[in-house]
Amino acid sequence: MITREQIPTVLDHPVYDADGNKIGDTKHVFFDDVTGEPEWVSVKTGLFGTSESFVPIHDGTVVKDHLEVPYPKDTVRDAPNVDVDAGGHLSVEEEHRLYEHYGIDWATTAQTGTAAGTERAGDDAMTRSEEQMHVGVERRETGRARLRKYVVTEEVQKTVPVRHEEVRVEREPITDADRDAAMSGPDISEAEHEVTLHEERPVVETETVPVERVRLGTEERTDEETAHGEVRKERIETDLPDETDQSDR
């Protein structure tokens, strides 16, 4: 049996069956209208918690941070659909259907014929509820990056030394040592000598060499963003007789 003091540990916490399978998360706790003790919990099941099933918690136990019930996961998820009225109560007929589904003897548990609700009947206290906003994150694609290689032509200048030959006239005076060789020809004659000149010119050649490797990578950074939403809260107002009315009585 779950006590009132354990309700905060049960609400919005996981529910497991006896085999350790998670059934879903608790959404509401329903109390017996006569005893005021917790009797049922509604469990959000299905994908993204889109369905809600009722499970009795007479034999449920709180284990660490979750509720454990002695019913298989499939049994809870196949429980009859119950449409709770605006007052947050289960009708006697609805409770009867649920008890039959879970194989609980209706005669021993519902002798008074009362229903269960989110508030205790006949209690002087009023339960105030409010919505809580839970913010999560989703991952979405924001863009794509790619590498593209293309060719550009650049003008490159480089200075290199080059050599060339120039004609230089050399004159040697005739000496006694070379006079005979110099005067061996005719006294007067015509002659011609040719000298080939050379020069160097820069020659440009190109070769392809690898210079670097480029790849795309991603890094994750964490920023802070503020999420805005609207939640509803119940307010309780008191309507008390004024002191004048009380004094006139």
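Residues numbered from 1 in each chain as written. Predicted model: local features only at pLDDT ≥ 70, side-chain atom pairs only at ≥ 80, totals over all residues. Heavy atoms only, no water.

(A) Highlighting the overall build of the protein chain. What the protein chain contains, in helices and strands, is six helices and seven strands. Secondary structure elements of the protein chain occur, N-terminal to C-terminal, as α-β-β-β-β-β-β-α-α-α-β-α-α. Here the protein chain holds 249 residues, and the buried ones make up 18% of them. In the protein chain, 57% of the contacts between residues at least 6 apart in sequence involve partners at least 24 apart. (Helix = DSSP H or I, 4+ residues; strand = E, 2+ residues; numbered from the N terminus. Buried < 20%, exposed > 50% of the residue type's maximum accessible area, 1.4 Å probe, protein only. Contact = heavy atoms within 4.5 Å.)

(B) Highlighting the packing of aromatic side chains. All chains considered together, the criterion is met by three aromatic pairs. Between Phe30 and Phe54, the aromatic rings sit 5.2 Å apart at their centres with planes inclined by 55 degrees, giving tilted as the arrangement. Remark: Phe54 occurs in strand 4 (residues 51-56) and Phe30 occurs in strand 2 (residues 22-32); sequence separation between them is 24 residues. Of the residues examined, Phe30 reaches a relative accessible area of 2% and is grouped as buried. Classification of Phe54 as buried rests on a relative accessible area of 3%. Aromatic pair Trp40 and Tyr99: ring centres 5.1 Å apart, planes at 55 degrees, arrangement tilted. Of this pair, Trp40 sits in strand 3 (residues 38-45) while Tyr99 sits in helix 3 (residues 92-101); the two residues are 59 residues apart in sequence, bridging distant segments of the chain. Its relative accessible area of 0% is what places Trp40 among the buried residues. Taking relative accessible area as the criterion, Tyr99 reaches 1% and is therefore assigned buried. Sitting over the face of the ring of Phe31, Arg4 holds its NZ or CZ atom 4.3 Å from the ring centroid. (Phe/Tyr/Trp six-rings, centres within 6.5 Å; stacked < 30°, edge-to-face > 60°. Lys NZ or Arg CZ within 6 Å of the ring centre and 35° of its normal.)

(C) Seen up close, the side chain of His66. With respect to the helices and strands, His66 occurs in strand 6 (residues 66-68). Setting aside residues no more than four positions away along its own chain, His66 makes contact with Pro14, Tyr16 and Thr61.

(D) Expanded view of the pattern of salt bridges. Across all of its chains, the model carries nine salt bridges by this definition. Put simply, Lys27 and Glu52 hold a salt bridge, and the shortest N to O gap is 3.6 Å. In this pair, Lys27 sits in strand 2 while Glu52 sits in strand 4, placing the two residues 25 residues apart along the sequence. With its nearest N and O atoms 2.8 Å apart, the salt bridge here joins Arg232 to Glu131. Pair noted here: Arg232 is in the loop between helix 5 (179-182) and helix 6 (243-248) and Glu131 is in the loop between strand 7 (116-117) and helix 5, with a separation of 101 residues, a long-range link. Here Glu131 falls in the partly exposed class, since its relative accessible area comes to 32%. (Salt bridge = Lys/Arg side-chain N within 4 Å of Asp/Glu carboxyl O.)

(E) Highlighting the side chain of Asp17. Structurally, Asp17 can be placed in the loop between strand 1 (14-16) and strand 2. Nearest to the buried, unbridged Asp17 among oppositely charged side chains is Lys73, at 7.3 Å. One polar contact links the side chain of Asp17 to the main-chain amide nitrogen of Asn21, over a distance of 2.8 Å. If sequence neighbours within four positions are ignored, Asp17 has contacts with Ile23, Glu68, Val69, Tyr71, Pro72 and Lys73. (Lys, Arg positive; Asp, Glu negative; His and termini not counted. Polar contact = N/O pair within 3.5 Å; in protein donor to acceptor, adjacent residues only side chain to side chain.)

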